[in-house]
Amino acid sequence: MIRYLTYEIIPGLQEQIDLLPSFSTVGGEQQDAVDHVLSGISQLSNRVADAADFLPAYDQRTYSEAVKDLRDKLNKTTAQFAPRNRFQFKHRTGNATAATAKPDTRRLNPTATPANPVADGAASSSTSKPADVKDSAGAAPTSSSNDNDNNNLKSNDSATATGSKNYNAEITNQTRSGASSLGVRRPSFSTARDIMLSGHSGVHIVVPASASHATSAGSLLDLNRCVIDMTAPTTAAGGSPFASLVLLDISGCAIAAGHVDGPVFVTRVRDSAVVVAARQVRIHDCENVVFYLHCVSRPIIENCKGVRFARAPEAYLTDKEKGETNLFDQVDDFKWLKTTASPNWSLLPESEAIPGDVWKQALAGGPAVAVDDTLRMLGIGKGT
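Here the residue numbering is sequential within each chain, running from 1 through the sequence in written order. Given that this is a predicted model, residues contribute local features only at a pLDDT of at least 70 and side-chain atom pairs are listed and counted only at 80 or more, while totals for whole chains, interfaces and linings are drawn from all residues. The side-chain quantities take in all heavy atoms of the structure and omit both hydrogens and water.

As recorded in an unreviewed UniProt entry, the protein chain goes by the name C-CAP/cofactor C-like domain-containing protein, listed as coming from Thermothielavioides terrestris. Of the comments in the UniProt record for the protein chain, the one headed Subcellular location (unreviewed entry) reads "Cytoplasm". UniProt positions are given in the numbering used here, feature names are shortened, and annotations may be inferred rather than shown by experiment. Its UniProt record gives the protein chain the following Subunit (unreviewed entry) comment, quoted word for word: "Supercomplex made of cofactors A to E. Cofactors A and D function by capturing and stabilizing tubulin in a quasi-native conformation. Cofactor E binds to the cofactor D-tubulin complex; interaction with cofactor C then causes the release of tubulin polypeptides that are committed to the native state."

Undergrad: Help me get a handle on the state of the cysteines, residues and values and all.
TA: Note on disulfides: each one is a pair of cysteine sulfur atoms within 2.5 Å. This model, assessed by the stated rule, comprises zero disulfides. Here Cys304 is not disulfide-linked; the sulfur of Cys286 is the nearest cysteine sulfur, at 4.8 Å.

Undergrad: Go over the pattern of salt bridges with me, naming the residues and quoting the values.
TA: We define a salt bridge as a contact between a side-chain nitrogen of Lys or Arg and a carboxyl oxygen of Asp or Glu at a distance within 4 Å. A complete count under the given rule lists nine salt bridges for this structure. Note that Lys68 is salt-bridged to Asp72, the shortest N-O span being 3.1 Å. Placement of the pair is Lys68 and Asp72 together in helix α3 (residues 57–81), with a separation of four residues, close to one helical turn. Judged by relative accessible area, Asp72 falls into the buried class, the value being 17%. Between Arg279 and Glu324 there is a salt bridge whose closest N-O contact spans 3.2 Å. With Arg279 in strand β6 (residues 254–284) and Glu324 in the loop between α10 (319–322) and β10 (332–333), this pair connects stretches of sequence that are 45 residues apart. Exposure remark for Arg279: the relative accessible area of 30% places this residue in the partly exposed category. A run of H or I in DSSP becomes a helix once it reaches four residues, and a run of E becomes a strand once it reaches two; helices and strands are each numbered from the N terminus. Here the term buried applies to any residue with accessible area under 20% of the maximum for its type, exposed to any over 50%, and partly exposed to those in between, with areas from a 1.4 Å probe on protein chains only.

Undergrad: How would you summarise the environment of Gln14 if you had to cite specific residues and measurements?
TA: As for its placement among the helices and strands, Gln14 is situated in helix α1 (residues 2–19). Apart from the residues lying within four places of it in its own chain, the contact partners of Gln14 are Leu70 and Lys73. In this description, contact between two residues means that some pair of their heavy atoms is separated by no more than 4.5 Å.

Undergrad: Please set out the pairing of strand β1 (residues 195–201) residue by residue, giving values where relevant.
TA: Of all seven residues in β1, five are buried; the element is thus mostly enclosed. Pairing between two strands is assigned when DSSP locates at least 2 bridges connecting them. By the bridge criterion, six bridges tie β1 to strand β3 (residues 218–224) in an arrangement that is parallel. Within the sheet, the bridge partner assigned to Ile195 lies in β3 and is Gly218.

Undergrad: Before we move on, could you go through the confidence of the model for the protein chain and cite the residues and values that matter?
TA: Each residue carries a pLDDT score, the predictor's confidence in it, ranging from 0 to 100. On average, the protein chain scores 77 in pLDDT, and the residues at 70 or more come to 71%. Across residues 96–163, confidence stays below pLDDT 50; counting only partners more than four residues off in sequence or on other chains, it has 75 contacts.

Undergrad: Quick rundown of unusual backbone geometry? Include the residues and the values.
TA: Comment: phi is negative for the bulk of residues other than glycine, and the bulk of peptide bonds are trans. Despite not being glycine, Arg225 has its phi angle at roughly 55 degrees, a positive value. Within the element layout of this structure, Arg225 appears in the loop between β3 and β4 (227–229). The exposure class assigned to Arg225 is buried, which follows from its relative accessible area of 16%. If you check the backbone angles, Asn288 has positive phi at about 55 degrees while not being a glycine. As for its placement among the helices and strands, Asn288 is situated in strand β7 (residues 287–295).

Following this line, the structure appears as structure tokens:
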């Protein structure tokens, strides 16, 4: 994990931040890129927090400082292209002198209370708050103490992703206990605010409808030879679609990601199949992936090879989505600016598409069904 953070995640986020000014503001492209970086920094914080139990104190401090530096770098970068306020008040010397000469009534009357005790209290305690990124347009106040940032990582960032329970550790422990690749894991995420599945290999995971309250964000990270179904929480009664979804570093997996009201960011996914219904889909550095999409805007790919697109199975669409225009076949390749068709993507022939009922049957799994058998049902060979 340490080598992965040092040589992959942190440099990658730094590079993404450097590229932010080059994105166009038209169509929300730049804002989407900022949101993608924010999500990446949040996931990095979660990883450092999860590793706090076995990382040496020096490494904990080093990676906590790296997270803080990334947040500071993002704030400074976004501040450069944020709208500037042309009108500013200027301080006048006369007013400053008069204010200095004005007597302090609280000293003259010790029993007097401050005019705004809430504001005074908030001001006095603001320096103890950990660094955080409020939004993509302006810099948020950051803590001057790296110790405070380090001490708050586990209590704040870990809770953001998994609530008071580590669901990923629970899934890993179930696998190590002898369950192997048979059976389906059903993490409830009952105490979580968002759904994050990371660091799994050879497991079948179905997120139940009980997690419908945790769809503020979704993340699938570092998965190999896994079957993932997240459709139930995004369609359950009283639930809602994901606000955003991140798929990062995935190999040889079959994923039904559910419904997303905002953008889906797909990065470094290989030899996999993905079903998702979303407003926007942005795909980077992917190879040999089949996307079964319902997308109301044109999908975007960049640095991809051998990616194919098909219409999302009707069984995975809501009534609203069935009445919308689906632009799954109108892909923009940002690395192919010629007028001829891009060689990096193609449409999947209908004869090769996996039908919706097969997806449903495969994702349902069973107590004696191996993950590799399920993957083969969905057209995915054994991963590396």
